[in-house]
Amino acid sequence: MIPFVDPKLHYKRLRKQILNKIDDTLGRGDLILRSQLAQFEKHIAKLVGTKYAIGVNSGYDALHMAVQAAGLGPNDEVITVAHTFVASISAIANHGATPILIDVGQDYNMNMDLLEATITPKTKAIMPVHLNGRICDMDRLMDIAKKHNLVVIEDAAQALGAKFKNKMAGSFGLAGCFSFYPFKMLGACGDAGIVTTNDPEVARKITLLRYNGEDRVARKFVYHGYTALLDNVQAAILDLKLKYFTKWISRRREIAKIYQKGLANVGDLQLPHWPDKRYFDVYQNYVIRTKRRDVLVKYLGKNGVEIIISWPEPIYQHQVLQPNNYRLSETEAICREVVSLPMNTEISQNQVRNIIKYIREFFSKSRGTE
Ligand SMILES: Cc1ncc(COP(=O)(O)O)c(C=O)c1O
């Protein structure tokens with residue numbers, strides 16, 4: 001069995017340090033809004049290259065509070081992509097704004113050729129989603145946003161550490177939103193997230209919104225807020241893991257290279273490598289694409305390889321979310337053709353080689369049989 005992720009092994013390797021961190025934090029009685037959270041926020045802001053980082057309790061919370069802090073609401077349109085996790089879209093819809101979904105390009109990210117034509121007088125913001133650890137073309141996106149005076153909120157949930165022209169995901173727009181869901185590259189022990197920003201007003205508002213909307217110095221309630229803090233213990237553990245983050249990214253890039261070498265010119269496989277030096281990809285997911293996806297998935301399953309399909313159905317086909325009759329051809333083809341292979345820092349060289357072997361076997365066995 002080759003698991004898609006291996007949280008047990010991940011924990012085993014860090015067990016002593018994690019337990020020490022928890023013990024130290026709880027032993028001090030540091031539960032809510034203490035130095036461990038402030039330290040972690042400082043370190044993330046430094047990594048991303050923003051003035052502020054505000055810890056919250058999920059990537060969704062990061063997104064929806066960023067939407068709220070940007071003042072988006074009823075009668076506003078926010079352009080994002082259809083090929084994303086539901087949270088990007090819910091974060092917009094839950095504030096009464098209208099998500100306008102556009103198609104993606106070959107690299108699974110927003111197709112910038114479609115962006116400008118989608119802008120209407122109601123458009124107030126763009127939410128690019130940096131999917132799978134690859135950032136969007138931020139030159140084109142920021143140019144269009146500037147030209148039309150639009151707010152940019154980056155869904156960087158899958159892209160901590162990803163860069164475009166040496167600038168980090170989450171540092172381009174008004175706000176960057178990250179998730180520390182356990183299976184993200186930097187994973188907590190449960191839900192967790194953070195917002196990055198250079199804007200003091202956005203930072204202030206999210207800092208208040210995340211904890212009951214209260215100005216705790218003045219002892220005044222200034223917004224209807226939430227209970228959505230990043231827990232102190234979680235922050236302490238994340239801060240510990242952050243020390244390994246650069247090493248973990250290198251390992252992911254190494255694994256991606258092994259996949260790339262082993263799977264080059266196999267069947268109709270398309271691999272997630274696009275030769276453009278402006279991008280630094282961190283491979284949150286290693287997504288391959290083939291017209292024979294469903295049979296390949298069965299074959300891998302039979303051989304004990306666990307995979308994930310993100311996502312088997314376009315988001316707009318879920319009735320509750322469908323604000324429009326979308327037909328986005330690339331998004332729909334991707335739903336039929338992609339599969340994510342195991343990609344994590346626990347996987348062994350041997351396991352990666354075996355996955356490659358099974359995939360090669362699948363394509364060579366089935367050659368000429370269709
Ligand atoms: C692209 C994207 N956006 C938003 C989220 C939401 O993050 P969370 O699960 O931490 O709420 C995720 C994570 O699952 C994601 O992958």
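Residues numbered from 1 in each chain as written. Predicted model: local features only at pLDDT ≥ 70, side-chain atom pairs only at ≥ 80, totals over all residues. Heavy atoms only, no water.

The next thing to look at is the domain arrangement of the protein chain. Per the domain assignment, the segments of the protein chain are domain 1 (7-101 + 110-242) and domain 2 (246-365). Placing the centre of domain 1 and that of domain 2 at their C-alpha centroids yields a distance of 25 Å. Contact with domain 1, which involves 34 residues of that partner, is made by 25 residues of domain 2. Summed over both sides, the interface of domain 1 with domain 2 buries roughly 2700 Å², with 61% coming from carbon and sulfur. On the domain 1 side of the interface with domain 2, the three residues burying the most area are His83, Arg134 and Met185, jointly 26% of the side's total. Viewed at the interface, domain 2 and domain 1 are joined by one salt bridge. One salt bridge connects Asp281 with Arg134, and the closest N-O pair in it is separated by 2.9 Å. For the interface between domain 1 and domain 2, the tally reads twelve residue pairs in polar contact (both at pLDDT 80 or more). Sorting the residues of the side of domain 1 that touches domain 2 by element identifies α1 (7-27), α4 (86-93), β3 (98-102) and β6 (163-164) as the ones contributing at least two each. The element contributing the most residues to the side of domain 1 that touches domain 2 is α1, with four residues. (Domains from an automatic or database assignment. Contact = heavy atoms within 4.5 Å. Buried area = accessible area lost by both parts, 1.4 Å probe. Salt bridge = Lys/Arg side-chain N within 4 Å of Asp/Glu carboxyl O. Polar contact = N/O pair within 3.5 Å; in protein donor to acceptor, adjacent residues only side chain to side chain. Helix = DSSP H or I, 4+ residues; strand = E, 2+ residues; numbered from the N terminus.)

With five of five residues buried, strand β8 (residues 175-179) is to be regarded as a mostly interior element. Side chains Ala175, Cys177 and Ser179 of β8 all project onto a buried face; the interleaved residues Gly176 and Phe178 project onto the opposite face, where all are buried too. As paired elements, strand β5 (residues 151-155) and β8 share three bridges and run parallel to each other. Note that in β8 the partner of Glu154 across the bridge is Gly176. Where β8 meets strand β9 (residues 193-197), four bridges bridge the pair, whose relative direction is antiparallel. Pairing of Gly176 across the sheet is with Thr196, part of β9. (Buried < 20%, exposed > 50% of the residue type's maximum accessible area, 1.4 Å probe, protein only. Pairing = 2+ DSSP bridges.)

Turning our attention to the nonpolar core. Phe40, Ile44, Met110, Leu115, Phe180 and Leu186 are the most contacted members of the largest nonpolar core, which totals 66 residues. For this core, the elements supplying multiple residues, two or more each, are α1, α2 (35-48), β2 (77-81), β3, α5 (112-118), α6 (138-147), α8 (232-242) and α9 (245-263). Looking at this core element by element, the count peaks at six residues for α8. Residue-level mapping places this core at the junction of two domains, with at least three residues from each of domain 1 (7-101 + 110-242) and domain 2 (246-365). When neighbours within four sequence positions are excluded, Leu115 is seen to be in contact with Ile79, Ile102, Met110, Ile126, Leu141 and Ile144. Within the second largest apolar cluster, 28 residues are counted, among which are Leu296, Leu300, Met343 and Val352. (Core = buried A, V, L, I, M, F, W, Y, C linked by side-chain atoms within 4.5 Å.)

As a further point, take the packing of aromatic side chains. Here the structure, examined in full by the defined rule, presents ten aromatic pairs. Plain terms: the ring middles of Tyr108 and Trp274 are 6.1 Å apart, the flat faces sit at 80° to each other, and that makes the pair edge-to-face. Highlighted residues: Tyr108 in the loop between β3 and α5 and Trp274 in the loop between α9 and β12 (279-280), separated in sequence by 166 residues. Judged by its relative accessible area of 4%, Tyr108 falls in the buried class. Ring centres 4.7 Å apart and planes at 25° place the aromatic pair Tyr259 and Tyr286 in the stacked group. Within this pair, whereas Tyr259 is found in helix α9, its partner Tyr286 is found in strand β13 (residues 286-289), the two being separated by 27 residues in sequence. The exposure class assigned to Tyr286 is buried, which follows from its relative accessible area of 0%. Each residue in the set Tyr259, Tyr283 and Tyr286 is aromatic and connected to the rest through ring pairs, giving one cluster. Lying across the ring of Tyr279, Arg134 places its NZ or CZ 3.9 Å from the centre. Geometry around Phe280 places Lys163 over its ring, the cationic atom sitting 4.8 Å from the centre. (Phe/Tyr/Trp six-rings, centres within 6.5 Å; stacked < 30°, edge-to-face > 60°. Lys NZ or Arg CZ within 6 Å of the ring centre and 35° of its normal.)

Gly59, Tyr60, Asp155, Gln158 and Ser179 are the nearest of the 14 residues found near the ligand. The contact in question runs from an oxygen atom of the ligand to an N or O atom on the side chain of Ser179, over 2.7 Å. Here Lys184 contributes a side-chain N or O atom positioned 3.0 Å from an oxygen atom of the ligand. A total of 390 Å² of accessible area belongs to the ligand in isolation, and the protein chains cover 92% of it. If you tally residues by element for the shell around the ligand, the top one is helix α3 (residues 59-69), at three residues. In terms of residue class, the shell around the ligand is built from six nonpolar, six polar and two charged. (Near = heavy atom within 4 Å. Areas by Shrake-Rupley, 256 points an atom, 1.4 Å probe, with all protein chains shown as cover. Nonpolar A, V, L, I, M, F, W, Y, C, P; charged D, E, K, R; others polar.)

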